[in-house]
Amino acid sequence: MKKTLRLFSLLSSLSTTFAATGDIIDLTQGYVADGVAATFSGGNVTFGKDELQKSTRFYDSQKGWVADTKYGDSQMCWAHTASNMIQYWQSYYGVFYKGSTPLPYGSDYKRELYNIMNPSNSPIITDPMRLQVMKALKNSGFPNSGNEVAAGTNWFFTWVDSQGGYYSDYFGAIHSGQSNPDGQTATITAVNSLSTLKSALLPALGLTESNGTCRQTESGLIAHLNVTNGESPHTLTCYGLTTHEDGSIKSLLIADSDDCRLPSYEGTTGSTGSSGTYMPRLTQLFVQAATDGKLALYSDAAYSTPFISGYTYYISGVTQINTPEVLKNMLAEYSDTENEAQVWNGSSSTWDVKTADTNALPTEATGWDILVDGNNIDSEHRGYYHTYAADGRSVEFGDHAAENQRDVTIVGTVSAQNIEVTATGYHFTAGEGAALTAAQDGGTINIRNGASLTSEVALTNRTVLIEDNALLELTRQASVQLRDVTLQGSATISTTESGATIVVTGNFTATSRGAATPVTFDLRSSIPPEPNLYADLDLTGATSVTLDCKVNMNGHELRLSESTPITLNLSTEGTAVPFFSNIGKLFIGEQEISYGTDLSSYLTITNEADFPGYTLSYTDGMLSMAPLVPEPTTTTLGVLALAALTSRRRRR
C-alpha cells in the first residue's frame, strides 16, 4: 500500500492544517518568515544563515563544546533545548512581560555572545546560533553538568532569584530549589509506543487532531524530547512530526545542539578540536518501535542508520510548556486583528509600518499599543500592551496618548483599515513619501466625540464619518481624496490654507440627528484652488451650512433644503459672487431648478438690510449672490441666511 507523508507542526498561524507530499515540505509559511527559502532533502530542512536570522519561528541553539565546569556548555544540551523552547514561546507571549529587568530575547551568530562560556579559547565552530536566553541562563550560575530541561524553564518563568522569574506574574513566583505545585512544564515519561508518543506530542506542539487532521489550536509551543542510548541521556528540540497515511508517526523534525560537532551525524564540517562553520538546520529523524516497546531513532526512512553513528538512541520522554490560561486568552485578544485596533500611545512621533525586529520583542516597540481588557482576562492583567505597526490593521487615536504627543509624522504609504479619532489635537504631518490609504475597500475615517484631526497628508479612498462636534481640518496643500463623507451632529470638514483641497469621489451627505444638533458643512479656504466635489452633494438634512469659499461641483447634483440656513463669508467686488459653481443639476426640496429661475420663490435673503443691492442668481451652473446694480466699492458679506419663506413659495 502506498504511503503518503503528512507534516504536522506548530510553527504557523492558528487554524492551519499542515500537509506535505513525498520529500518536499514547504516550511516558508510557518517555520521562517515569509519569503525565506527552505529546502528539504536528504533528511534535512536547511536554511541559509542570513535567511534564518530574519526568522522568529525557528531556533537551533548550539553548543561550543567547552568542557570547563564554570564556563563550558559541553554537558548542557538541556539548557540549549530549554532556550529554544523559551525563545519560541516568547515570540508569541513576550509582549505581555511587565518586569523592569531587560528581557533576554533574540539570537546572534557573533562569537562575542559566547565569550561568557569560553573566555580563553575560540569555539569549535566559527558562527553558531547563540540565544540570549542561553546566555542569561549561563550567567545565572548554572554549571556545565547534566540537568533537566525543566530546570531551565522553571528558572526562566518562575525563579525570582538567580536573574530568573521573568514571567512570575503569570506562572507564580518560586525560588531556586523550590517545587512549583502548578507545574510550568509537564513531562510524560511513559513513552513506549508510537501511539503514546503521538498522544504526548500533539498537546506539546499545541496540536489537536480531529478525523485524522491536525490543526494548531495553541500558540507558542515546541516540545522537548528526552532520548538515551541506555548510558548517555540527551535532549532534542522537536518542532513537528510527520505521519503515515494511517495516522501513525513516521518521523520527527528536531533541532540538536550537538549536530555542529558530530560530522558523522549530518555530514557537516567541524569536529572536536577543529574549527568549522555550522549551517543551522532541522533534521528529520525516523521513528520505529522495537519489540521491547522502545522507540528507536534513525536518520533514514529504511531504519538502517542510527540517529548517531554507532549508537541507538531511544525516546524516553516528552516535555512541554504549560502556558497559563490567562496568557492564552490575552494572546487571542491581542491577535484579534478584526476587532482589536492598534492604539496610538505617543511614545513615537512617526507612523511607519515596519517589519518586526526578530531580536526585539514588542515590549520595546514604540507608537502603538493594543488594549486587552476582555471579560476572560484577570483585572490585574488588563491594560495596554505594545505592538509593532501592522499594515492593514485598524488604528485608533485617542486619549491614550498625552495631549503633547498627538503630532504624528507619516512616513511612506501606510495602510490601515479603519481610522478612529476620539480625542482632540491630532495632527498628521507629511514625512517622506507620505500617504494614508485604505487597507481594503470599505476602510473608514471616523472622527467622533468632539475629536479633531488636522491633516496635511493625503487620505485617499476613504469613507469619512464626522460626528458629535468633531472636526476634520485639511492644511498645507493636502490633496485629500475621500470616497463617501457623512457629517452628523455639528460636525465640520474644512480647509484652512492655500492649496488644501477636498475631492469626494462618492456621496457627500450632511445629516442631522435632530434640530438640537445642527450640521455644519464648513469650507473655509478663501484662497484658490476651490474645493472640488466629484459626487452629488446633498445638504437637505443639514440645519446649518457655512461656506467661506466657492465649491466646484464638477457637473454633479446639488440638493438644498428650503429650510437650510447657509452662512456665507465672501468678499464682493461689485460682481456676482458664486458659492457653488459647475452645478450639474440644482434641486431645492424635490423641485429641480432651471437656469434663470427666480429663486426668491424658494429661497430668500432674510437679512436683506445687510446686503442691499444683491439678489440670488442661478445661471450657467452657478449659484451666486448677484448685484442688482454695480457696486463702486468692495463689500464683505457678513452673515447671510438663506431660508425658505413658505408664504412666498411658487404655487404648484
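Since this is a predicted model, take the numbers as computed values, not measurements.

Rules used in this analysis
Residues numbered from 1 in each chain as written. Predicted model: local features only at pLDDT ≥ 70, side-chain atom pairs only at ≥ 80, totals over all residues. Heavy atoms only, no water. Buried < 20%, exposed > 50% of the residue type's maximum accessible area, 1.4 Å probe, protein only. Helix = DSSP H or I, 4+ residues; strand = E, 2+ residues; numbered from the N terminus. Pairing = 2+ DSSP bridges. Salt bridge = Lys/Arg side-chain N within 4 Å of Asp/Glu carboxyl O. Axes fitted to C-alpha atoms, helices over the stretch in contact; angles between N-to-C directions. Parallel < 35°, antiparallel > 145°, perpendicular 65-115°, else oblique. Left-handed = near helix turned anticlockwise from the far one by under 90°. Contact = heavy atoms within 4.5 Å. Nonpolar A, V, L, I, M, F, W, Y, C, P; charged D, E, K, R; others polar. Phe/Tyr/Trp six-rings, centres within 6.5 Å; stacked < 30°, edge-to-face > 60°. Lys NZ or Arg CZ within 6 Å of the ring centre and 35° of its normal. Core = buried A, V, L, I, M, F, W, Y, C linked by side-chain atoms within 4.5 Å. Polar contact = N/O pair within 3.5 Å; in protein donor to acceptor, adjacent residues only side chain to side chain. pLDDT = per-residue confidence, 0-100.

1. Some thoughts on the pairing of strand S42 (residues 577-581)
Item 1. With 5 of 5 residues buried, S42 lies mostly within the body of the structure.
Item 2. Bridging between strand S38 (residues 551-552) and S42 involves 2 bridges; their strand directions are parallel. In the sheet register, Val551 faces S42, and the bridge partner there is Phe580.

2. Brief notes about the pattern of salt bridges
Item 1. Enumeration according to the criterion identifies 7 salt bridges in this entry.
Item 2. Note that Glu218 and Lys328 form a salt bridge whose closest N and O atoms lie 3.4 Å from each other. Of this pair, Glu218 sits in the loop between strand S8 (213-216) and strand S9 (223-228) while Lys328 sits in helix H8 (residues 325-334), and the two are 110 residues apart along the sequence.
Item 3. The exposure class assigned to Glu218 is buried, which follows from its relative accessible area of 15%.
Item 4. Among the residues examined, Lys328 registers a relative accessible area of 24% and is labelled partly exposed.
Item 5. The salt bridge partner of Arg448 is Glu420, with a shortest N-O separation of 2.7 Å. On the criterion of sequence distance, the pair formed by Arg448 in the loop between strand S25 (444-447) and strand S26 (452-455) and Glu420 in strand S22 (residues 419-421) is long-range, its members being 28 residues apart.
Item 6. The class for Arg448 is partly exposed, based on a relative accessible area of 23%.

3. Some thoughts on the packing of helix H2 (residues 77-93) against helix H3 (residues 132-139)
Item 1. Remark: H2 packs on H3, axes separated minimally by 8 Å, with the N-to-C direction vectors making an angle of 130 degrees. Here H2 lies oblique to H3, going by the angle between them. Helix-helix and strand crossings are classified by hand; for H2 and H3 the assignment is right-handed. Contact with H2, carried on its side by Trp78, Ala79, His80, Ser83, Ile86, Gln87 and Gln90, involves Val133, Met134 and Leu137 of H3 and no other residues of that element.
Item 2. Tallied by class, residues from the contact of H2 with H3 come to 6 nonpolar, 4 polar and no charged.

4. Things to note about the packing of aromatic side chains
Item 1. Across all of its chains, the model carries 32 aromatic pairs by this definition.
Item 2. Both rings, one in Phe156 and one in Phe157, keep their centres 5.4 Å apart while their planes meet at 90 degrees; by these two values the pair is edge-to-face. A single burial state applies to Phe156 and to Phe157, both of which are buried.
Item 3. Aromatic rings pair up to connect Trp78, Trp89, Tyr93, Tyr97, Phe142, Trp155, Phe156, Phe157, Trp159, Tyr166, Tyr167 and Phe171 into one cluster.
Item 4. The ring of Tyr314 is capped by Lys294, whose NZ or CZ atom sits 5.1 Å from the centre of that ring.
Item 5. Sitting over the face of the ring of Phe587, Arg559 holds its NZ or CZ atom 3.9 Å from the ring centroid.

5. Thoughts on the sheet that holds strand S24 (residues 435-438)
Item 1. Strand order in this open sheet of 3 strands is S21-S24-S27, and the pairing throughout is parallel. With one partner strand each, in any of the chains shown, strand S21 (413-416) and strand S27 (459-460) form the two edges of the open sheet.
Item 2. Strand direction decides the pairing type here: S21 and S24, joined by 4 bridges, are parallel. Across the sheet, Ala416 pairs through a bridge with Ala438, a residue of S24.

6. Things to note about the nonpolar core
Item 1. In this structure, Trp89, Phe96, Phe156, Tyr167, Tyr170 and Met330 are the most contacted members of the largest nonpolar core, which totals 50 residues.
Item 2. When residues of this core are assigned to their parent elements, the largest contribution, 9 residues, is made by H2.
Item 3. When residues no more than four places from it in sequence are discounted, the contact partners of Tyr170 are Phe96, Lys98, Pro324, Val326, Leu327, Met330, His381 and Tyr385.
Item 4. Within the second largest apolar cluster, 29 residues are counted, among which are Phe397, Ile410, Ala423 and Phe428.

7. Regarding the side chain of His234
Item 1. Examined against the element boundaries, His234 turns out to sit in strand S10 (residues 233-243).
Item 2. Assessed through its relative accessible area of 6%, His234 is described here as buried.
Item 3. Within the local environment of His234, its side chain forms a polar contact with the side chain of Asp256, the two groups lying 2.9 Å apart.
Item 4. Not counting the four nearest positions on each side in its chain, His234 is found in contact with Cys77, Leu225, Asn226, Val227, Asp256, Ser257, Asp258 and Tyr313.

8. Overview of the side chain of His80
Item 1. Here His80 lies in helix H2.
Item 2. By relative accessible area, His80 is classed as buried at 0%.
Item 3. A distance of 2.9 Å separates the side chain of His80 from the side chain of Asp73, its partner in a polar contact.
Item 4. With sequence-adjacent residues up to four places away left out, His80 is seen in contact with Ser61, Gln62, Lys63, Asp73, Arg130, Met134 and Ser257.

9. Here's the deal with the environment of Phe96
Item 1. Topologically, Phe96 is positioned in the loop between H2 and strand S4 (107-108).
Item 2. Ignoring sequence-local partners within four residues, the contact set of Phe96 consists of Tyr170, Leu327, Met330, Leu331, Tyr334 and Tyr385.

10. Quick word on H3
Item 1. Those residues of H3 lying buried are Val133, Met134, Ala136, Leu137 and Lys138.
Item 2. On its buried face, H3 is in contact with H2, strand S5 (130-131) and helix H4 (149-157).
Item 3. After H3 finishes, the residue Gly141 shows a positive phi value of roughly 110 degrees.

11. Notes on the environment of Gln288
Item 1. Examined against the element boundaries, Gln288 turns out to sit in strand S12 (residues 281-289).
Item 2. The partly exposed category is assigned to Gln288, whose relative accessible area is 33%.
Item 3. Along the sequence, Gln288 and Tyr298 sit 10 residues apart, while their C-alpha atoms lie 7.9 Å from each other.

12. Focus: the packing of H3 against H4
Item 1. Following both chains from N to C, one finds H3 and H4 inclined at 90 degrees, their axes separated by 11 Å at the closest point. For the element pair H3 / H4, the angle class is roughly perpendicular. Residues Val133, Ala136 and Leu137 of H3 form the contact with H4, whose participating residues are Gly152, Trp155 and Phe156.

13. Notes on the confidence of the model for the protein chain
Item 1. Chain-level pLDDT for the protein chain is 74 on average; 67% of the residues reach the 70-or-more range.
Item 2. Per-element averaging of pLDDT across the protein chain places strand S48 (residues 635-636) at the bottom with 35 and strand S15 (residues 342-344) at the top with 97.
Item 3. Overall, residues 262-277 carries pLDDT values under 50, and its contacts beyond four positions in sequence, including any with other chains, amount to 37 contacts.
Item 4. With pLDDT under 50 throughout, residues 631-652 is counted as low confidence; its partners more than four residues away or in other chains account for 64 contacts.

14. As for the pairing of S26
Item 1. Of the two faces of S26, the one carrying Ser452 and Thr454 and the one carrying Leu453 and Ser455 are both buried.
Item 2. With 3 bridges connecting them, strand S23 (residues 426-430) and S26 associate as parallel partners. By the bridge assignment, His427 is partnered in S26 with Thr454.

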